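# Topology and contacts: notes
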Amino acid sequence: MTNTVRLTTAQALVRFLANQFSERDGQEQRLIPGVWGIFGHGNVAGLGQALLQAAVTGEADLPYYLARNEQGMVHASVAYAKMRDRLATFACTASTGPGSTNMITGAALATTNRLPVLLLPSDMFATRAADPVLQQLEDTRGGDVTVNDAFRAVSKYFDRVSRPEQLVPAALAAMRVLTDPVETGAVTLALPQDVQAEAHDWPVDFFRRRVWHVGRPVPEPPAVERAARLLRGARTPLIVAGGGAVYSGAETELRAFAEATGIPVADTHAGKGAVPWDHPCAVGGIGSTGAYAANELAREADVVLGIGTRYSDFTTASHTVFGNPDVTFVNLNVARLDAVKHSAEPLVADARLGLQALAGPLADWEVDPRYRARTRELIARTREIEDACFTVGHGPLPAQTEILGALNDALDDRAVVINAAGSLPGDLQQLWRARDPKAYHVEYAYSCMGYEVAAGVGAKMADPSREVVVLVGDGSYLMMAQEIVTMVSEGLKVIVVLVQNHGFASIGALSESLGSQRFGTKYRYRDDSSGLLDGDVLPVDLAANASNLGADVLHATSVGEFRAAMEKAKASSHTTVVHVETDLYGPNPPGHGWWDVPVSEVSALESTRTARAAYAAHKLSQRHYL
Ligand SMILES: Cc1ncc(C[n+]2csc(CCOP(=O)(O)OP(=O)(O)O)c2C)c(N)n1
Ligand SMILES: [Mg+2]
């Protein structure tokens with residue numbers, strides 16, 4: 001007879017999660033080191049009781065962390081996973097209805113970024129004994145539709161555990177997807193609240209220590225040969241390094257490969273730091289907000305070697321950055337989905353192993369010395385552009401680029417800078433000087449306002465030895481600042497640099513360039529005469545807000561004050577918000593790329609008609625790479 005143990009479904013899940021490990025290259029770590037949660041009906045007596053029991057009896061090691069918003073706890077978990085190269089993440093439990101659906105944005109962010117997180121939304125009663133319960137969606141189309149069905153679209157695995165025994169296959173499937181570098185993303189196990197509290201006799205083997213090996217898929221030798229042949233024929237090749245290069249830990253191989261072959265390396269947001277900014281082959285960010293050198297080289301490139309990139313529209317400048325009519329692609333990617341993009345010669349493999357394999361057949365090959373010289377020239381010109389951004393001497397309030405220059409100076413190589421949305425990602429892609437693969441933590445797949453502060457929590461938990469700096473615009477801060485309270489309660493020292501410009505510098509500039517005159521993008525009083533939000537600046541004090549949430553606050557309205565504030569913030573052991581005021585109107589770094597945002601084809605406004613003409617001209621250079 002099988003040995004069994006009698007536990008509730010929630011107690012069984014807690015015991016199971018405490019025994020899951022990931023392993024890569026022989027290194028083991030806890031796959032799910034803890035559970036984030038906000039309790040309400042749906043989980044307070046189920047998972048809540050199970051987590052309490054675990055803490056009190058010590059029968060399962062699964063600490064509980066209290067977040068202030070369910071979206072925030074998913075962001076914290078995803079940031080943790082990003083820092084840990086997808087080898088560890090948290091589980092998130094939420095109450096029925098709004099608590100659970102608050103996690104959907106976080107789920108979409110995780111799946112879009114291909115970062116693992118385990119979501120445990122509570123679900124309606126499986127018995128339906130008391131339907132409709134508080135916060136239950138009653139749907140005339142079917143009795144089994146619940147709000148949690150909305151997770152299906154944004155989850156890489158979804159299951160509803162309607163009977164206790166279903167937990168066994170569901171939990172195992174969840175671990176399989178979380179630890180698969182191709183499949184990973186949000187994994188959702190919806191847990192009806194009555195089932196959470198229901199007892200069952202579980203086979204004890206369900207709870208044994210499990211180690212999930214995270215593989216490094218090996219490239220097929222003929223595919224390596226085909227890729228190498230293409231590269232050997234290249235005269236102006238370019239590498240595009242994406243997140244896969246970082247998650248695979250391929251930095252050493254990438255640097256060696258670039259040095260040996262002389263192929264310049266451009267990077268995406270997720271790939272920045274894989275090659276240090278001042279490496280002779282590093283040509284900076286590529287795409288819509290890319291650097292001068294990277295985009296110039298992209299225009300000329302005859303062969304593009306994409307490594308771990310998904311080629312988002314920002315990376316390809318909406319299919320315009322690669323200007324050579326004969327450009328061909330070789331894509332080294334663990335996911336076939338990405339490997340075949342742009343009609344590429346696919347090299348489906350782990351980035352590290354793929355680069356090792358390519359190094360062999362390319363050992364006696366390198367680019368022409370004139371191409372290396374051309375790369376050096378473009379880098380030198382790029383440095384001049386960057387230095388001009390750092391020293392604009394703008395006034396009375398500083399330009400954001402000057403603040404980024406001062407921040408670059410203030411932080412050491414291991415510091416982590418976090419950002420996700422607004423004008424900062426574009427400025428950072430050109431100006432941030434990352435030397436470490438974890439130094440640049442910019443979520444630019446879902447670009448979710450509100451990720452920043454919450455992500456600071458997860459990043460600091462993932463590596464307390466690093467200085468974690470959250471860079472956040474005032475708009476993004478207003479969307480989700482409450483996890484500052486979590487930083488304070490958990491004793492996590494994070495520096496939050498809050499860039500106050502009273503509105504959306506990013507969307508305002510975009511709106512203006514598209515002929516929409518910055519409409520509705522400023523935080524201003526409504527002007528009585530125009531009826532527009534163009535009045536005075538609002539009497540909003542976000543510094544006071546941060547202080548009230550428990551952070552220490554420092555003020556800066558000049559570059560000098562900002563430098564001084566950063567020194568104080570670094571010396572402190574408390575969560576510190578540096579509130580710095582900047583000019584909404586920039587100047588931002590000069591643009592070297594385009595982004596496809598359609599402009600109205602007909603319009604009664606002159607500004608829109610002018611913008612439409614410019615848009616039509618840009619459209620001409622857009623094409624599929626076939
Ligand atoms: C959740 C979410 N809502 C809306 C957007 C669209 N959006 C992108 S940037 C931006 C404004 C950001 O303002 P702020 O954080 O102040 O940064 P700034 O543009 O001033 O640098 C908006 C509304 C988004 N990316 N995410
Ligand atoms: Mg702003």
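Residues numbered from 1 in each chain as written. Chains lettered and ligands numbered in written order. Predicted model: local features only at pLDDT ≥ 70, side-chain atom pairs only at ≥ 80, totals over all residues. Heavy atoms only, no water.

Along its length, the protein carries 24 helices and 23 strands. Relative to a compact globule of 626 residues, whose C-alpha radius of gyration would be 25 Å, the protein shows 25 Å and is just as compact. If one aligns the C-alpha atoms of the protein with their principal axes, the spans along those axes are about 75 × 70 × 55 Å. Counting the 626 residues in the protein, one finds 58% classified as buried. A total accessible area of about 24,300 Å² is found for the protein, and carbon and sulfur atoms account for 53% of it. Between the centroid of the 55 positive side chains of the protein and the centroid of its 70 negative side chains there is a distance of 4 Å. (Helix = DSSP H or I, 4+ residues; strand = E, 2+ residues; numbered from the N terminus. Rg over C-alpha atoms; globule rule 2.2 N^0.38 Å. Buried < 20%, exposed > 50% of the residue type's maximum accessible area, 1.4 Å probe, protein only. Areas by Shrake-Rupley, 256 points an atom, 1.4 Å probe, with all protein chains shown as cover. Lys, Arg positive; Asp, Glu negative; His and termini not counted. Charge placed at Lys NZ, Arg CZ, Asp CG, Glu CD.)

This part is about helix α17 (residues 424-431). Taking burial as the measure, the eight residues of α17 include eight buried ones, the bulk of the element. By the burial criterion, the buried members of α17 are Leu 424, Pro 425, Gly 426, Asp 427, Leu 428, Gln 429, Gln 430 and Leu 431.

Right, let's get into the coordination of the magnesium ion (ligand 2). Six octahedrally arranged donors around a metal ideally form angles of 90 or 180 degrees; four tetrahedrally arranged donors ideally form angles of 109.5 degrees. Looking at the metal site, the magnesium ion (ligand 2) is ligated by Asp 474 (OD), Asn 501 (OD1) and Gly 503 (O), spaced 2.0 to 2.1 Å from it. Ordering the donors of the magnesium ion (ligand 2) by residue number gives the pattern D-x26-N-x1-G. On the accessibility criterion, Asn 501 (7% relative accessible area) is buried. For Gly 503, a relative accessible area of 5% puts it in the buried group. (Donors = N, O, S within 2.8 Å, 3.2 Å for Na, K, Ca; no water.)

Let's shift gears to the packing of helix α18 (residues 451-462) against helix α20 (residues 483-490). Following both chains from N to C, one finds α18 and α20 inclined at 20°, their axes separated by 8 Å at the closest point. Compared by their axis directions, α18 and α20 come out roughly parallel. Handedness of the α18/α20 crossing: left-handed. Mapping the contact onto sequence places Val 453, Ala 454, Gly 456 and Val 457 in α18 and Glu 483, Ile 484, Thr 486 and Met 487 in α20. Residue composition of the contact of α18 with α20, grouped by class: five nonpolar, two polar and one charged. (Axes fitted to C-alpha atoms, helices over the stretch in contact; angles between N-to-C directions. Parallel < 35°, antiparallel > 145°, perpendicular 65-115°, else oblique. Left-handed = near helix turned anticlockwise from the far one by under 90°. Contact = heavy atoms within 4.5 Å. Nonpolar A, V, L, I, M, F, W, Y, C, P; charged D, E, K, R; others polar.)

Our next topic: the site of ligand 1. Residues in contact with ligand 1 amount to 16 residues; listed here are only the nearest, Ser 423, Asp 474, Gly 475, Ser 476 and Ser 506. A distance of 2.6 Å is found between an oxygen atom of ligand 1 and a side-chain nitrogen or oxygen belonging to Ser 506. For ligand 1, whose accessible area on its own is 590 Å², the fraction buried by protein is 78%. Broken down by secondary-structure element, the contributors of at least two residues to the shell around ligand 1 are α19 (474-479) and α21 (505-513). Here the shell around ligand 1 gets four residues from one element, more than from any other, and that element is α19. (Near = heavy atom within 4 Å. Polar contact = N/O pair within 3.5 Å; in protein donor to acceptor, adjacent residues only side chain to side chain.)

Moving on to the nonpolar core. Membership of the largest hydrophobic core comes to 111 residues, with the highest contact counts inside it found for Trp 36, Leu 119, Leu 254, Ile 286, Ile 307, Phe 322 and Leu 358. Not counting chain neighbours up to four residues away, the residues in contact with Leu 358 comprise Val 224, Ala 227, Ala 228, Leu 231, Phe 257, Leu 305 and Leu 347. Within the second largest apolar cluster, 39 residues are counted, among which are Leu 7, Leu 31, Val 35 and Ala 171. (Core = buried A, V, L, I, M, F, W, Y, C linked by side-chain atoms within 4.5 Å.)

What follows deals with the side chain of Asn 501. With respect to the secondary-structure elements, Asn 501 resides in the loop between β21 (495-500) and α21. Setting aside chain neighbours within four positions, we find Asn 501 in contact with Asp 474, Thr 582, Asp 583 and Leu 584.

Of the positions making up helix α11 (residues 292-300), those classed as buried are Ala 293, Ala 294, Asn 295, Leu 297 and Ala 298. Of the surrounding secondary structure, the elements contacted by the buried residues of α11 are β12 (238-241), β13 (265-267), β14 (282-285) and α15 (369-390).

Looking at the protein, the domain boundaries give domain 1 (4-213), domain 2 (221-381) and domain 3 (391-502 + 538-581). Spacing between the C-alpha centres of domain 1 and domain 2 amounts to 38 Å. Counting residues at the interface gives 10 residues for domain 1 and 12 residues for domain 2. The junction of domain 1 with domain 2 conceals about 870 Å² of combined surface from both sides, 44% of it contributed by carbon and sulfur atoms. Among the residues of domain 1 in contact with domain 2, Asp 85, Arg 114 and Val 182 are the three that bury the most area, contributing 45% of the side total. Remark: the boundary between domain 1 and domain 2 carries two salt bridges. A salt bridge links Arg 114 to Asp 338; its shortest N-O distance comes to 2.5 Å. Classifying every residue of the side of domain 1 that touches domain 2 gives three nonpolar, one polar and six charged. (Domains from an automatic or database assignment. Buried area = accessible area lost by both parts, 1.4 Å probe. Salt bridge = Lys/Arg side-chain N within 4 Å of Asp/Glu carboxyl O.)

Here the focus is the packing of aromatic side chains. Summed over the entire model, instances satisfying the criterion amount to 16 aromatic pairs. Residues Phe 314 and Tyr 444 carry aromatic rings whose centres are separated by 5.0 Å and whose planes lie at 85° to one another, so their mutual orientation is edge-to-face. Of the two residues, Phe 314 is situated in helix α12 (residues 313-316) and Tyr 444 in the loop between β19 (440-442) and α18; the sequence distance between them amounts to 130 residues. The same class applies to Phe 314 as to Tyr 444, namely buried. Taken together, the ring pairs connect Phe 16, Trp 202, Phe 206 and Phe 207 into an aromatic cluster. Positioned above the aromatic ring of Phe 21, the side-chain terminus of Arg 209 is 4.0 Å from the ring centre. Stacked on the ring of Tyr 440, the Lys or Arg Lys 272 has its end atom at 5.7 Å from the ring centre. (Phe/Tyr/Trp six-rings, centres within 6.5 Å; stacked < 30°, edge-to-face > 60°. Lys NZ or Arg CZ within 6 Å of the ring centre and 35° of its normal.)

Take the pattern of salt bridges next. Across all of its chains, the model carries 38 salt bridges by this definition. One salt bridge in this structure joins Arg 563 and Asp 409, with 2.9 Å as the shortest N-O distance. Note that Arg 563 is positioned in helix α23 (residues 559-571) and Asp 409 in helix α16 (residues 400-410), a separation of 154 residues in sequence. Since its relative accessible area comes to 38%, Arg 563 is described here as partly exposed. A relative accessible area of 56% means that Asp 409 is categorised as exposed. Linked through salt bridges whose partners overlap, the residues forming this network are Asp 25, Arg 216, Asp 350 and Arg 352.

Here we take up unusual backbone geometry. Residue Pro 396 is bonded to the preceding Gly 395 through a cis peptide linkage, with omega at 0°. Structurally, the position occupied by Pro 396 is in the loop between α15 and α16. Pro 587 follows Gly 586 through a cis peptide bond whose omega is 5°. Tracing the backbone through its elements, the reader meets Pro 587 in the loop between β23 (576-581) and α24 (606-619). Of note, Ser 343 is a non-glycine position whose phi angle comes to about 55°, a positive value.

In sheet architecture, strand pairing relies on hydrogen bonds along the backbone and comes in two forms, parallel and antiparallel. As summarised here, the arrangement of the six strands in space is β14-β13-β12-β15-β16-β17, forming an open sheet in which the pairing is parallel. Of all the strands in the sheet, the pair left with one neighbour each is β14 and β17 (345-348). Going from strand to strand, the sheet's axes swing by 20° on average, the running direction of each strand aside. As paired strands, β13 and β14 are joined by three bridges and run parallel to one another. Pairing of Val 265 across the sheet is with Ala 282, part of β14. Packing against the sheet, helix α8 (residues 221-232) makes contact with β15 (303-307), β16 (328-333) and β17, and its axis sits at approximately 130° to β17. (Pairing = 2+ DSSP bridges.)

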